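Each chain, written out:
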Amino acid sequence: MIALGATAFSLMALNLLLATRAPGLDRLFGGLDQIYFTHKWLGILALVCAFLHQQIKISTDGKEVMQTLSLLAVDVAEVAFPILVVLVLISFFKRLPKVPFEIPYGIWRWSHRLLGVVFAALAFHQFFVKAPFDNNVLLATHLNAMAVIGLASFGWTIGAPLMRRRTYRVAAVTKHPAATIVDLEPVGRGIDVRPGSFAFVSFSAKGLGEPHPFTVSEVRPNGGIQFSIRGLGDFTRRLRDALLVGDTARVEGCYGRFDYRRGGARQVWTAAGIGITPFLAWADSLPDSGSPEICLAYCVRTEAEAVGLERLRRAAERVPGFTFRLHQSETEGRFDAARLAALVPFDITTASFWFCGPAPLREALRKGLKGLGKTPRSIHFERFEFR
């Protein structure tokens, strides 16, 4: 029982630390997406340990220490546990099983904030609950340290984004058939941007105040940045009609370790739909000479849905060794590993493979290339689904 409770408490503290987006953590884990993937499953493990801790009872033979704070600490934990269960389940399930209902992003986001409050309640429980036997000094010291880490991390999560955000002005809003393209200009100092990275963005327009993560699709010399945003949820669909030139944007970032410069002399870039966004910024950043040999395969339903075609074609004309292939599934059929292999003008087994698009397509291509005996030298992608 004690071990399960200590484990659950420690995992919650570590999860709060992971949620801080503190500088250096993404480098340690290999990207913010990997941090959130770890964060998700540590949360589930913490819930399991907390559930078992709450269910297992031990006999104290009437030796309980009946101090007011001790009794209150027990009561606080009894109240906090069901709240913890509900909040973790909201965080884990984006959609209810077999129900056509998606939990709104705002509720999901605030469920994460309230988990910090629940942790504070459990820290109170840990500080003041009394056991009917001698305390283990080492365990007590460890749990006190976890409490400090968790509470400090929660405070950082609330306050630090306010300090890290930079103000931008909406310079243009273009309604492309497949995306809303938003151009931003910095008001004062902007963020440090790397091609292929992403940022958390919110806007002053009504209903667009929640920060959402979007990949930067263009980086301009004057500090301007562009986002190409597909309408996949309430926020992104609302943005298309509500956002106006002159609105204010708050941008925090950039994040991510998706960087083709680590990919070697031969590379295959594969994009599906709005997954083209990091590759647009990459193509713009390619030097006129000395770049790797690269083939970009871009899969869309029709050419009208392709974002940034002219930019990609200009990059192909400007950069020796960069080739661009457009696959239109409506006329050319389903995009699969065999079609990808046919588009690439060199041996895929000698190249690194970079992918951005739906996870099912990524796995289908990976398995298909393996079945063809064309497994790439390395595979790179980011998990952009954060909840």
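Residues numbered from 1 in each chain as written. Predicted model: local features only at pLDDT ≥ 70, side-chain atom pairs only at ≥ 80, totals over all residues. Heavy atoms only, no water.

Asker: For this particular structure, what's the right way to read the overall build of the protein?
Answerer: The helix and strand inventory of the protein stands at twelve helices and eleven strands. Within the span of the protein, comprising 387 residues, buried residues form 46% of the whole. Across the protein, contacts joining residues at least 24 apart in sequence account for 75% of those joining residues at least 6 apart. For the protein, the accessible surface area stands at approximately 19,200 Å², while carbon and sulfur atoms represent 60% of it. (Helix = DSSP H or I, 4+ residues; strand = E, 2+ residues; numbered from the N terminus. Buried < 20%, exposed > 50% of the residue type's maximum accessible area, 1.4 Å probe, protein only. Contact = heavy atoms within 4.5 Å. Areas by Shrake-Rupley, 256 points an atom, 1.4 Å probe, with all protein chains shown as cover.)

Asker: How should I be thinking about the sheet that holds strand E7 (residues 266-272) in this particular structure?
Answerer: Consider a sheet: its strands pair through backbone hydrogen bonds, and that pairing is either parallel or antiparallel. The strand order E9-E8-E7-E10-E11 describes an open sheet built from five strands, whose pairing is parallel. Edge positions in the sheet fall to strand E9 (322-328) and strand E11 (378-380), since each has one partner strand and no second. If you compare each strand with its neighbour and ignore which way they point, the axes differ by 15° on average. By the bridge criterion, five bridges tie E7 to strand E10 (residues 352-356) in an arrangement that is parallel. What sits directly across from Thr 270, in E10, is Phe 355. Across the sheet, helix H12 (residues 359-371) is in contact with E7, E10 and E11; its angle to E10 comes to roughly 155°. (Pairing = 2+ DSSP bridges. Axes fitted to C-alpha atoms, helices over the stretch in contact; angles between N-to-C directions.)

Asker: Would you mind showing me how to read the packing of aromatic side chains here?
Answerer: Centre-to-centre distance and the angle between the planes together describe a pair of aromatic rings. Scanning the entire structure with this criterion turns up 17 aromatic pairs. Seen from their ring centres, Phe 9 and Phe 119 are 4.8 Å apart, and the 15° between their planes marks the pair as stacked. In this pair, Phe 9 sits in helix H1 (residues 2-18) while Phe 119 sits in helix H5 (residues 105-128), placing the two residues 110 residues apart along the sequence. On the accessibility criterion, Phe 119 (0% relative accessible area) is buried. Between Trp 269 and Trp 282, the aromatic rings sit 5.0 Å apart at their centres with planes inclined by 65°, giving edge-to-face as the arrangement. In this pair, Trp 269 sits in strand E7 while Trp 282 sits in helix H8 (residues 277-285), placing the two residues 13 residues apart along the sequence. The buried category is assigned to Trp 282, whose relative accessible area is 0%. The rings of Phe 258, Tyr 260, Trp 269, Phe 279, Trp 282, Phe 322 and Trp 354 are connected pair by pair, giving a single aromatic cluster. (Phe/Tyr/Trp six-rings, centres within 6.5 Å; stacked < 30°, edge-to-face > 60°.)

Asker: Can you walk me through H8 in this structure?
Answerer: Owing to its 3.6 residues per turn, the α-helix aligns residues three or four sequence positions apart on the same side. The element H8 is largely enclosed, with a buried count of seven among its nine residues. Those residues of H8 that sit buried are Thr 277, Pro 278, Phe 279, Leu 280, Ala 281, Trp 282 and Ala 283.

Asker: I would appreciate a short explanation of the environment of Val 118 in the present structure.
Answerer: Structurally, Val 118 can be placed in helix H5. For the pair Val 118 and Val 76, spaced 42 residues apart in sequence, the C-alpha separation works out to 9.6 Å.

Asker: Is there a simple way to explain the nonpolar core in this structure?
Answerer: A general tendency of soluble globular proteins is for nonpolar side chains to be buried together. Counting residues in each nonpolar core, the largest one holds 33 residues, and the members touching the most others are Phe 9, Leu 32 and Leu 84. Taken together, the elements giving at least two residues each to this core come down to H1, helix H3 (32-55), helix H4 (68-92), H5, helix H6 (137-164) and strand E3 (198-203). Beyond its immediate stretch of four places on either side in the chain, Leu 84 contacts Met 12, Leu 47, Ala 50, Leu 115 and Val 118. (Core = buried A, V, L, I, M, F, W, Y, C linked by side-chain atoms within 4.5 Å.)

Asker: Sorry if this is basic, but what is going on with the packing of H8 against helix H9 (residues 309-318) here?
Answerer: When two helices pack together, their arrangement is given by the angle between the helix axes and by the axis-to-axis distance. Running from N to C, H8 and H9 cross one another at 30°; their axes reach a closest spacing of 9 Å. As H8 packs across H9, the resulting crossing turns out to be left-handed. Residues Leu 280, Ala 281, Ala 283 and Asp 284 of H8 pack against Arg 311, Leu 312, Ala 315 and Arg 318 of H9. Looking at side-chain class alone, the contact of H8 with H9 contains five nonpolar, no polar and three charged residues. (Left-handed = near helix turned anticlockwise from the far one by under 90°. Nonpolar A, V, L, I, M, F, W, Y, C, P; charged D, E, K, R; others polar.)

Asker: Honestly, the environment of Leu 361 in this entry has me stumped. Any pointers?
Answerer: With respect to the element layout, Leu 361 can be found in helix H12. For the pair Leu 361 and Asp 336, spaced 25 residues apart in sequence, the C-alpha separation works out to 8.1 Å. Sequence-distant contacts of Leu 361, that is, excluding residues within four places in its chain, are made with Ala 272, Phe 335 and Phe 355.

Asker: What exactly am I supposed to notice about the pattern of salt bridges here?
Answerer: Opposite charge on two side chains allows them to pair when their charged atoms are near. Evaluated as defined, the whole model comprises 18 salt bridges. Where Glu 185 meets Arg 169, a salt bridge forms, and the shortest distance between an N and an O atom there is 3.4 Å. Note that Glu 185 is positioned in strand E2 (residues 179-186) and Arg 169 in strand E1 (residues 166-176), a separation of 16 residues in sequence. With relative accessibility at 33%, the residue Arg 169 sits in the partly exposed group. Here Arg 237 ties to Asp 234 by a salt bridge, and the two come within 3.4 Å at their closest N and O atoms. Of this pair, Arg 237 and Asp 234 both sit in helix H7 (residues 234-242), three residues apart, which is roughly one turn of that helix. One network of salt bridges, with partners in common, ties together Asp 183, Glu 218, Arg 220, Asp 284 and Arg 311. (Salt bridge = Lys/Arg side-chain N within 4 Å of Asp/Glu carboxyl O.)

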